Amino acid sequence: MAGENLTALPTLIWIGEHPFWTLLTLSLMLIHFWRRPGQRRELLSELSFVMISAVVILLIQLEGGWFKLPLPHQLLIEISTLLAGLILVKIWGILLFEFLLPLCHVRIPRIIADIVITIGYIGWGLFRLYASGMALGEIVTTSAVITAVIAFAMQDTLGNLLAGVSIQLDNSIAIGDWLQVDTTQGRVVEINWRATTIETRNWETVVIPNSHLLKQRFTVLGRRRGEPLQWRRWVWFDLTLDTLPTQIIALIEKSLRETKLPCVAKHPQPDCLLMNVEGGIARYAVRYWLTDLARDDPTDSMVRSLIDAALRRNDRRLTPPIFNVFMAKEKQHLDARHKRHTAERTDTLRKLPLFAMLQENELLQLADQVKFAPFVSGDIMLEQGDVSSWLFVLVKGEAEML
């Protein structure tokens, strides 16, 4: 019975026989968890598999004590050993790619780390099959069949995986790059085996499948080989031609280059251009290079404020939009309309017994003072207690008194 209990506890035996590696692993995990407070939630998510597997191992190792599992004893030992190995692969994968290599200033793409850990899972699983007595030929055949089935069933997933590997290997996109894909513009925060994650300036997170990203055109903003990160921006303004354009250009450029605005690159220097002249209005553009792509609108606002201040110091103002509005009043049309409405109102008043004693000229005078007051279904014309100086005459429709 004692020997049986020892064989049922392979993980505890390993821990007892290798205290140095156990303590080293736990110490490195605690240090890694302490050094990355901003990524603790992500790290806990990655370790969820480890925690679940540890619980399963504990239940298997307690089997026969508090409860009895309906599985053969040898199978339970194999499951416990397999899960213990997968836990070690996961933990040392995290420590290697997210702790030890970064300490040596070696950055491995996330997708490569995921692939290596997955290969470790598969290798450990095949090794356990071989250790359990399965022939090498059977293992190769079984793994080939399983691989073919998985490849057929997961074509899209494999496409995303290979596309992600291609993106990482040719260095076309890196973490921290600013991308524009269709109408989406944001900073790359993660490239994993399935998709590329982009965070926009609007506090949105956009997830783009790698295969979709590789099949279409995308723009990496602000990147040029051998040059610092900066992105050209345009700020437009209009002025009348009261002053020579050369004087306006010199004034704006002098102010831009003397004022050291944050997020505006010194080289190339900002400049001012005359872009168009139409209808006596000159359209100018200030062209500058943005160094922090996350602050595009605030920097544009500072540049506009600087332009306005420079112009005001020299008794100039930005020209508001100019519109030509043509208005025409046709007196004959208005007189005819008024005459037609007066005739309609006179006919309505003539039919009312209340105004039967009035002469024709008196009816015409009264009709000129009548005002059209439309109501829609559900409108309240008068409420009880209201003081009204008007007499309502119902010309068309129905009204209800409640």
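For the structure, check the block above.
One structure accompanies this document, and this report is about it. (Residues numbered from 1 in each chain as written. Predicted model: local features only at pLDDT ≥ 70, side-chain atom pairs only at ≥ 80, totals over all residues. Heavy atoms only, no water.)

So, the overall build of the chain
Worth spelling out the cut-off: In this description a helix means any DSSP run of H or I spanning at least four residues, a strand means any run of E spanning at least two, and both kinds are numbered starting from the N terminus. Burial classification: accessible surface area is computed with a 1.4 Å probe over protein chains only, and a residue below 20% of its type maximum counts as buried, one above 50% as exposed, and the rest as partly exposed. Should any heavy atoms of two residues lie within 4.5 Å, those residues are counted as being in contact. Here the accessible surface of atoms and residues is derived via Shrake-Rupley with a 1.4 Å probe, and residues count as covered only by protein chains that are part of the display.
If you tally the helices and strands in the chain, you get 14 helices and 8 strands. In the chain, buried positions account for 28% of the 402 residues. Considering only contacts in the chain between residues 6 or more positions apart, those separated by 24 or more positions represent 60%. Accessible surface, the chain as shown: approximately 28,100 Å² in total, 61% of it carbon and sulfur.

Here's the deal with the nonpolar core
Nonpolar side chains in soluble globular proteins generally cluster together in the buried interior. The test is simple: Buried residues of nine kinds, namely Ala, Val, Leu, Ile, Met, Phe, Trp, Tyr and Cys, make up a nonpolar core once their side-chain atoms join them within 4.5 Å.
By size, the foremost hydrophobic cluster in this structure holds 25 residues, and its most contacted members are Phe237, Ile252, Tyr284, Val286, Val303 and Ile307. Elements represented by at least two residues in this core include exactly β6 (231-240), α11 (245-258), β8 (281-290) and α12 (296-313). Dropping the residues within four chain positions of it, Tyr284 is found in contact with Val235, Trp236, Phe237, Leu239, Pro245, Ile248, Ile249, Cys272, Leu273, Leu274 and Met275. Core analysis: the second largest hydrophobic core is formed by 9 residues, Ile167, Leu179, Val181 and Ile191 among them.

As for the packing of aromatic side chains
Between two aromatic rings, the relevant description is the distance of the centres plus the angle of the planes. Rules: Only Phe, Tyr and Trp rings take part, Trp by its six-membered ring, and two of them pair if their centres are within 6.5 Å. Stacked means planes under 30 degrees apart, edge-to-face means over 60, and tilted covers everything else.
Following the criterion strictly, the structure yields 2 aromatic pairs and no others. Consider the rings of Trp234 and Trp236, whose centres lie 6.0 Å apart with planes at 20 degrees: the pair is stacked. Ring plane angle 15 degrees and centroid distance 5.3 Å describe the contact between Phe237 and Tyr284, whose orientation is recorded as stacked. One end of the pair, Phe237, is in strand β6; the other, Tyr284, is in strand β8, and 47 residues separate them in sequence.

Quick word on the pairing of strand β7 (residues 271-278)
Consecutive residues of a regular strand have side chains that alternate between opposite faces of the sheet. Operational definition: Strands are treated as partners if at least two bridges between them are detected by DSSP.
Where β7 and β8 come together, 7 bridges link them in antiparallel fashion. Within β8, the position partnered with Leu274 by the bridge is Tyr284. Hairpin geometry of β7 and β8 is characterised by an intervening segment of 2 residues between the two adjacent antiparallel strands and by a positive phi of about 60 degrees at Gly279.

Points about the packing of α11 against α12
To be explicit about the condition: Angles shown run from 0 to 180 degrees and are taken between the N-to-C directions of axes, each axis being a line fitted to C-alpha atoms and, for helices, limited to the stretch in contact. When an angle is under 35 degrees it counts as roughly parallel; over 145 it counts as roughly antiparallel; between 65 and 115 it counts as roughly perpendicular; any other value is oblique. In this scheme the handedness of a crossing depends on how the near helix is turned from the far one: anticlockwise by less than a right angle means left-handed, clockwise means right-handed. Ten residue types, Ala, Val, Leu, Ile, Met, Phe, Trp, Tyr, Cys and Pro, are classed as nonpolar, four, Asp, Glu, Lys and Arg, as charged, and the remainder, Gly among them, as polar.
With their axes 10 Å apart at the nearest point, α11 and α12 run at an angle of 125 degrees to one another. Considered as vectors, α11 and α12 are oriented oblique to each other. When the axes of α11 and α12 are compared, the crossing they make is right-handed. Contacts from Ile248, Leu251, Ile252, Ser255 and Leu256 of α11 reach α12 at Val303, Leu306, Ile307, Ala310, Leu311 and Arg313. Residues of the contact of α11 with α12, tallied by class, amount to 9 nonpolar, 1 polar and 1 charged.

Digging into the sheet that holds strand β4 (residues 205-209)
Taken together, 5 strands build an open sheet; the order of strands is β4-β3-β2-β1-β5 and the sheet is antiparallel. The open sheet has two edge strands with one neighbour each: β4 and β5 (219-221). Going across the sheet, the axis of each strand differs from the next one's by a mean of 40 degrees, ignoring polarity. Sheet topology note: the strand β3 (residues 195-200)/β4 ladder contains 5 bridges and is antiparallel. Along β4, the bridge assignment pairs Glu199 with Thr205.

Side note on unusual backbone geometry
For the peptide bond that leads from His267 to Pro268, omega is -5 degrees, which places it in the cis range. At Asp182, a position not held by glycine, the phi torsion is positive, near 55 degrees. Tracing the backbone shows Asp182 in the loop between β1 (178-181) and β2 (184-191). Although it is not a glycine, Cys263 adopts a positive phi angle of roughly 70 degrees. Examined against the element boundaries, Cys263 turns out to sit in the loop between α11 and β7.

Describing the pattern of salt bridges
This is how it is decided: Salt bridges are defined as contacts in which a side-chain nitrogen from Lys or Arg sits within 4 Å of a carboxyl oxygen from Asp or Glu.
All chains considered together, the criterion is met by 11 salt bridges. Close ionic contact of Arg233 with Asp300 constitutes a salt bridge, the shortest N to O distance being 2.4 Å. A residue pair is termed long-range when its members are at least 10 positions apart, and Arg233 in strand β6 and Asp300 in helix α12 qualify at 67 residues. Residue classification places Arg233 among the buried positions, given a relative accessible area of 15%. A salt bridge links Lys254 to Glu258; its shortest N-O distance comes to 2.8 Å. Of the two residues, Lys254 and Glu258 both sit in helix α11, 4 residues apart, roughly one turn of that helix. When sorted by exposure, Lys254 lands in the same class as Glu258, which is exposed. Salt bridges linked by common partners bring Asp347, Arg350 and Glu360 together as one network.

Regarding the pairing of β6
Across the two faces of β6 the burial differs, with Trp231, Arg233, Val235, Phe237 and Leu239 buried and Arg232, Trp234, Trp236, Asp238 and Thr240 not buried at all. When β6 meets β8, the two strands line up antiparallel, connected through 10 bridges. Opposite Trp234, over in β8, you have Arg287 as the bridge partner.

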